Amino acid sequence: MRKIIIAIDGYSSTGKSTVAKKLANALDYVYVDTGAMYRAVTLYGLNHGFVQDSLDTKALIEALPEIELKFKPNQSLGKSEMYLNGKNVEKEIRDMKVSENVSQVAAVEEVREKLVELQQAMGDEKGIVMDGRDIGTVVFPEAELKIFMTASPETRAHRRYKELLDRGDEVTFERVLKNVKARDYIDSTRSVSPLQRAEDAIKIDNSDMGQEEQFERIYNFAQRIIQQD
Ligand code: DC
C-alpha cells in the first residue's frame, strides 16, 4: 500500500499532537513532534545560560554542534520520548519556563536549519505523521496531506492550563493565556519560516469540535489519498 507524509501544522495547543499520535497509531506510521525538538534546544540554552531574559544568539549558534537530539520509543507508554544528549527530557521540555522562551529560540535561522535537516531525514521513507509550524510549508512542501489546525486563544489556553494543573504545575490561567498569545505573535511574525497555512492545507478550526470528530475527518482524508494509485 502507498505510504504518504502527513503534515499537521497550526497554533500552539490546538491538539495537533493528540490527533497526530492517534493517526500514526491507526496507520502504523511514525509520529514526530517537532515542537519537542525546539523545546529541547531551548532547555539546553536555559541550562547553559544562553537563554535568560534575553537570548545570547551567538552562544546558542556556537553550541549547536554539541546538541544531540533523539526520539526513543517508550514501550510501556507506547510513544516516543525526547532525549537531549542522552538524557530523557520529555517532562522538563513541557515546563512553563521552556514554553516562555521557545519562540525566540525557534526564530533563530541556524537552529531551524539544523532541525529541519533532521526532520527531513526522518521522512525519507514516508509513512510519517509530523506536527509543527512549518511542516507543510518548509519541511515537506510535497507532503501528500496537509492539515492546518486552529482554535481561539481562550480555548487553547484552557486546554493547556488543564494539562499543566493535571501534571501538578502551579500556574495561573492568565499566565498561560498570555503565553499562548505571545507565542502566536512571535511564531507568526518571525522572518524565518513563520507559522502560516500552506495554500494546499486543509484548515480545521476545532474550537467546538471533539477529538474523535477531528480524528475521523483527518483519517478519512488520509485513507482517500492512500487508496489512490
Ligand atoms: O508545538 P509546541 O507548542 O510544543 O512548539 C513549541 C514552540 O516551537 C512553538 O512556540 C513554536 C516552535 N516550533 C516551530 O517554530 N516550528 C516547528 N516545526 C515546531 C515548533
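Quick caveat, the model's predicted, so the values are computed rather than measured.

A separate point is the site of the ligand. Lining the immediate surroundings of the ligand are 15 residues, of which Arg39, Arg112, Asp134, Arg183 and Arg190 lie closest. Asp134 is positioned such that a nitrogen or oxygen atom in its side chain is 2.9 Å from a nitrogen atom of the ligand. Per element, the largest residue contribution to the shell around the ligand is four residues, and it comes from helix H2 (residues 34-47). Taken together, the residues that form the shell around the ligand break down as four nonpolar, four polar and seven charged.

This part is about the sheet that holds strand E3 (residues 69-74). Taken in spatial order, the three strands line up as E3-E4-E5 in an open sheet, and their pairing is antiparallel. Taken across any chain shown, the strands that pair with only one partner, and hence form the sheet edges, are E3 and strand E5 (87-88). Alignment of strand E4 (residues 79-84) against E5, held across two bridges, turns out to be antiparallel. Its bridge partner being in E5, Leu84 is matched across the sheet by Lys87. Contacts between H2 and the sheet are confined to E3 and E4, with E4 contributing the most and set at about 25° to the helix.

Take the layout of surface pockets next. Taken as a whole, the largest pocket encloses approximately 1,100 Å³ of empty space. Together, 44 residues line the largest pocket, and Ser17, Asp33, Arg94, Arg160 and Glu163 are the ones closest to its centre. Looking at the lining of the largest pocket, its residues break down into nine nonpolar, 15 polar and 20 charged. The calculated volume of the second largest pocket comes to roughly 390 Å³. Forming the walls of the second largest pocket are 17 residues, and the residues nearest its centre are Val30, Tyr31, Pro73, Lys79 and Ser80. For the lining of the second largest pocket, the residue count by class is nine nonpolar, five polar and three charged.

Okay, the environment of Ile93 next. By secondary structure assignment, the location of Ile93 is in the loop between E5 and helix H4 (96-106). According to the relative accessible area criterion, Ile93 is buried, its value standing at 0%. Along the primary structure Ile93 and Gln119 are separated by 26 residues, whereas in three dimensions their C-alpha atoms are 18 Å apart. Setting aside its immediate chain neighbours within four residues, Ile93 contacts Ala36, Arg39, Ala40, Leu43, Met82 and Val98.

Reading the values: rules and limits
- Residues numbered from 1 in each chain as written.
- Predicted model: local features only at pLDDT ≥ 70, side-chain atom pairs only at ≥ 80, totals over all residues.
- Heavy atoms only, no water.
- Near = heavy atom within 4 Å.
- Polar contact = N/O pair within 3.5 Å; in protein donor to acceptor, adjacent residues only side chain to side chain.
- Helix = DSSP H or I, 4+ residues; strand = E, 2+ residues; numbered from the N terminus.
- Nonpolar A, V, L, I, M, F, W, Y, C, P; charged D, E, K, R; others polar.
- Pairing = 2+ DSSP bridges.
- Contact = heavy atoms within 4.5 Å.
- Axes fitted to C-alpha atoms, helices over the stretch in contact; angles between N-to-C directions.
- 1 Å grid on protein atoms, 1.4 Å probe; cavity = no way out; pocket = protein on both sides within 12 Å on 5 of 7 lines; lining within 4 Å.
- Points joined across faces, edges and corners; volume = space filled by probe spheres on them.
- Buried < 20%, exposed > 50% of the residue type's maximum accessible area, 1.4 Å probe, protein only.

The quantities given are spatial measurements derived from coordinates; they are silent on function.
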